[in-house]
Amino acid sequence: MATKKQDDTPNMIDTFREFKETKNIDRTTLVSVLEESFRNVLAKIYGSDENFDVIVNPDKGDFEIYRNRTVVADGEVKDENKEISLTEARKIEPDYEVGEEVSERIDFAKFGRRAILNLRQTLASKILELEHDTLYNKYKDRVGEVISGEVYQVWKREVLVVDDENNELILPKSEQIPSDQYRKGETVRAVIERVDNENNNPKIILSRTSPKFLERLLEAEVPEIGEGLIAIRRVARMPGERAKVAVETFDERIDPVGACVGVRGSRVHGIVRELGNENIDVINYTENTKLFIQRALAPAKVSSMQIDEENKKAEVYLRPEEVSLAIGKGGMNIKLASMLTGYTIDVYREIDPSQQVDDIYLDEFSDEIDQWVIDAIKGIGLETARQVLNAPREMLVEKADLEEETVDNVIKVLKAEFEN
């Protein structure tokens, strides 16, 4: 039995030291968890832990356990865990008397490997739970903050990032800028997008595509924003491609757009580089819906506009040469303008007053255009030939969900009618 104690005692010390090194848990909490774990095992062995003193010392990596029992006359012991006979007590100290309390040190190792294993499992479970709680509490109120971390592992669907305390953070592929490339050991900046805590297993999700990331980068680069002189009202992004930011100030002496952009773009240059050369358009925010949409469609110049406030829709009319500017490459400008303003924006070529006569309903062309094509175009609100010809080709392709070849054929047929 003595040999077994010698074998097990080092294991106990190793166990203790292992959890002493546990990260992110303060000393007071760690001591509490260790004591509770010992008490759980003692309660299983003795039926109660009430009369035990458990002293843990994480600094030295050791512990002491004492059992306290009351001395009773021989033959009157009713609870061996809480009482000790006078004869047994005097084997410990010869001057004990009935009624006194005996404090006896307990060698935990004598309980055997099963008890030690039980303790290790209890400790591991509680430490893991504490680590999860600590991680969750550290990040739950930091959503929207920018954080820097080190790339630890790169996978196909996500990148594992560690912070300065070696906490694991996740940067999913869907939250990465398309041009992002990562290698282990590199530093990455991202915004804390959300903190999931399913089954007390926290996951810190980062994002570089969130509008909040751009907003926080601007706050860091533009002192006037941090000082409250300029407010960021809206942000719309197509990550790595282009973004639009609406800003406002109540100080007439400040040009909010100029302050955000900086001299020759000096203030946004670093942000553009951070975001993979994402072009950033900064515009003045306004509560005037028409004016806001007009500014959002820049550099295109709007001729006129009809607003449907209830359905959040806007019909915008422009000179023919302005239509492509409003739509932008790949429809990017109009999509960002819609995202920024919250309105579905449809752009149309401005109608020449001399051309507003002699219009023809699309149904009249059923002998030259398939009826399902006519129905698809009518489904997006275009009923007549001139309405179709005044609408941008890109809108017909995207909104009516038609092939480019089909749209080109429709336009050819309609144009031919008016040329004739």
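Shown above is the structure to which this text applies.
This report concerns the structure included in the present document.

## Some details on the overall build of the chain
Regarding its fold elements, the chain presents 15 helices and 15 strands. The globule rule puts the C-alpha radius of gyration for 420 residues at 22 Å, and the 37 Å found for the chain is more than 25% above it. Considered along the principal axes of its C-alpha atoms, the chain spans approximately 125 × 55 × 40 Å. Looking at the chain as a whole, 43% of its 420 residues qualify as buried. Contacts in the chain between residues far apart in sequence, at least 24 positions, make up 59% of those at least 6 positions apart. With 59 positive and 85 negative side-chain charges, the chain shows a spacing of 4 Å between the two charge centroids.

## Describing helix H12 (residues 371–378)
Taken as a whole, H12 has its buried residues at Val373, Ile374 and Ile377. For H12, the buried positions fall inside an angular range of 100° around the axis, keeping them on one side. If you follow the buried residues of H12, they end up packed against helix H13 (385–390), helix H14 (393–399) and helix H15 (404–419).

## Looking at the pairing of strand S9 (residues 203–207)
In terms of burial, S9 is a largely internal element, 4 of the 5 residues being buried. Two elements, strand S7 (residues 168–172) and S9, share 2 bridges in a ladder whose sense is parallel. Residue pairing in the sheet places Ile170 in a bridge with Ile205 of S9. When strand S8 (residues 187–196) meets S9, the two strands line up antiparallel, connected through 5 bridges. Bridge assignment links Val191 to a residue of S9, and that residue is Ser207. Remark: 6 residues form the turn of the hairpin made by S8 and S9, two consecutive strands paired antiparallel; Asn199 in that turn has positive phi of roughly 55°.

## Things to note about the side chain of Ser338
Tracing the chain through its elements places Ser338 in helix H11 (residues 332–341). On the accessibility criterion, Ser338 (18% relative accessible area) is buried. When near neighbours in sequence (up to four residues on either side) are disregarded, Ser338 contacts Tyr343, Thr344 and Ile345.

## Quick word on the nonpolar core
Where a protein is soluble and globular, its nonpolar side chains tend to be buried together. Membership of the largest hydrophobic core comes to 25 residues, with the highest contact counts inside it found for Ile293, Leu297, Val316, Leu318, Leu340, Ile345 and Val347. Elements that contribute at least two residues to this core include exactly helix H9 (289–296), strand S14 (313–318), helix H10 (320–327), H11 and strand S15 (344–349). The element best represented in this core is H11, accounting for 5 residues. The contact partners of Leu340, leaving out residues within four places of it in the chain, are Arg234, Val235, Ala236, Lys244, Ala246, Ile283, Phe292 and Ala296.

## Quick notes on the pairing of strand S6 (residues 158–162)
Counted residue by residue, S6 has 4 buried out of 5 residues, so it is predominantly covered. When strand S5 (residues 146–154) meets S6, the two strands line up antiparallel, connected through 4 bridges. Residue pairing across strands places Val154 opposite Val159, the latter belonging to S6. Both S6 and S7 contribute to a ladder of 5 bridges, which runs antiparallel. Bridge pairing in S7 links Val159 to Leu171. Here S6 folds back onto S7 in antiparallel fashion, the turn holding 5 residues, of which Asn166 has a positive phi close to 65°.

Conventions used here
- Residues numbered from 1 in each chain as written.
- Predicted model: local features only at pLDDT ≥ 70, side-chain atom pairs only at ≥ 80, totals over all residues.
- Heavy atoms only, no water.
- Helix = DSSP H or I, 4+ residues; strand = E, 2+ residues; numbered from the N terminus.
- Rg over C-alpha atoms; globule rule 2.2 N^0.38 Å.
- Buried < 20%, exposed > 50% of the residue type's maximum accessible area, 1.4 Å probe, protein only.
- Contact = heavy atoms within 4.5 Å.
- Lys, Arg positive; Asp, Glu negative; His and termini not counted.
- Charge placed at Lys NZ, Arg CZ, Asp CG, Glu CD.
- Arc of directions from axis to C-beta.
- Pairing = 2+ DSSP bridges.
- Core = buried A, V, L, I, M, F, W, Y, C linked by side-chain atoms within 4.5 Å.

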